[in-house]
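Tertiary structure, described
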Amino acid sequence: MSLQYNKILSQQENIERQHSKIEEQIEFYSNQRNLIYILLGALVIVVLLGASYLLSLRAKKETNRKLELKNQEVIEQRNQIMEIAEKARIATEEKFKFFTNISHEFRTPLTLIHGAVDDLLSSEKSREKRKDLGLIRKNSNRLLRLVNQLMDFRKIENGKMKVVAVKQDLIFFLSLIHISEPTRQAEI
């Protein structure tokens, strides 16, 4: 009996050992299963992040393509604006040449008129005719001054003449303009 009891005890110990090993195996299995779930979750997250990255990369490429198209449009518009600006510059230059040539053409006859009027004024005795000749002289001087100003403007534009700022009494200058303006209107 003692032998059977010992055998039962040894079998009982065997069973308990096997039971503890089974529990260890179950715990190991549980840990491995949890690890697999974590790895599977991480894999899903990595796949989702990879898909998100690919989608963002595709969107970035599309955005870059659109930006490149816009950039090309802007470059084309800039080139067109530059062409238009060059044409406008050429047209402006031609206008200035035209006005300069016209100014030269006006200047010569005005100078001749001015000289003839001076001769007539020096030889005229009649007060009424001298007044009329004085009016002609003032207006021819005014036209000549305007033509000279136009030619000076052209010289300034071409850089052949420099504008020099001078301190002046502005109130006095404006009063001269204001006083001479009604006289100019009466002369016209």
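Reading the values: rules and limits
- Here the residue numbering is sequential within each chain, running from 1 through the sequence in written order.
- Restriction of local features to residues with pLDDT of at least 70 applies here, the model being predicted, together with a cutoff of 80 or more for giving and counting side-chain atom pairs; totals for whole chains, interfaces and linings are based on all residues.
- Values reported for side chains reflect all heavy atoms of the structure, with hydrogen atoms and water molecules removed beforehand.
- Helix and strand assignments come from DSSP, with helices taken as H or I runs of at least 4 residues and strands as E runs of at least 2, each series counted from the N terminus.
- Atoms counted for the radius of gyration: C-alpha only. Globule rule: 2.2 Å times the number of residues to the power 0.38.
- Under the scheme applied here, a residue whose accessible area is under 20% of the maximum for its type counts as buried, over 50% as exposed, and between as partly exposed, the area being computed with a 1.4 Å probe on protein chains only.
- By the convention used here, residues are in contact when the closest approach between their heavy atoms is within 4.5 Å.
- Only four residue types enter the tally: Lys and Arg on the positive side, Asp and Glu on the negative side; His and the chain ends are excluded.
- By convention, the charge on Lys lies at NZ, on Arg at CZ, on Asp at CG and on Glu at CD.
- Each reported salt bridge corresponds to a side-chain nitrogen of Lys or Arg within 4 Å of a carboxyl oxygen of Asp or Glu.
- In this scheme, a helix's expected span is set at 1.5 Å multiplied by one less than its residue total.

**A few points about the overall build of the protein chain**
Helix and strand counts for the protein chain come out as 3 helices and 0 strands. Scanning the protein chain from its N terminus toward the C terminus, one meets helices and strands in the order α-α-α. Over its C-alpha atoms the protein chain spans a radius of gyration of 52 Å, topping by over 25% the 16 Å that the globule rule assigns to 188 residues. Across its three principal directions, the C-alpha atoms of the protein chain cover 175 × 40 × 30 Å. Considering the protein chain as a whole, with its 188 residues, one finds that 7% of them fall into the buried category. Across the protein chain, the fraction of contacts at a sequence separation of at least 24, relative to all contacts at a separation of at least 6, is 67%. Positive and negative side-chain charges in the protein chain, numbering 31 and 24 respectively, have mean positions lying 5 Å apart.

**Observations regarding the pattern of salt bridges**
Any two side chains of opposite charge can pair, so long as their charged atoms come close to each other. In total, this model carries 4 salt bridges according to the counting rule given. As a salt-bridge pair, Arg 89 and Glu 86 come within 2.5 Å of each other at their nearest N and O atoms. Taken together, the residues span about one helical turn, with Arg 89 and Glu 86 both in helix 1 (residues 2-123) at a distance of 3 residues. Notably, a salt bridge pairs Lys 97 with Glu 94, separated by 3.8 Å at the nearest N-O pair.

**Remarks on helix 1**
The end-to-end C-alpha distance of helix 1 is 173 Å, a good match for the 182 Å that 122 residues give at a rise of 1.5 Å each. Every buried residue belonging to helix 1 is among Phe 96, Thr 100, Ser 103, Leu 110, His 114, Val 117 and Leu 121, and all of these are buried. Next to the buried residues of helix 1 lie helix 2 (127-158).

**Here we look at helix 2**
Compared with an ideal rise of 1.5 Å per residue, which puts 32 residues at 46 Å, helix 2 spans 46 Å between its outermost C-alpha atoms and is within 8% of the ideal. Residues Leu 133, Ser 140, Leu 144, Val 147, Met 151 and Arg 154 constitute the buried set of helix 2. Contacts made by the buried residues of helix 2 are with helix 1. In the stretch just after helix 2, Gly 159 is the one whose phi turns positive, near 80 degrees.

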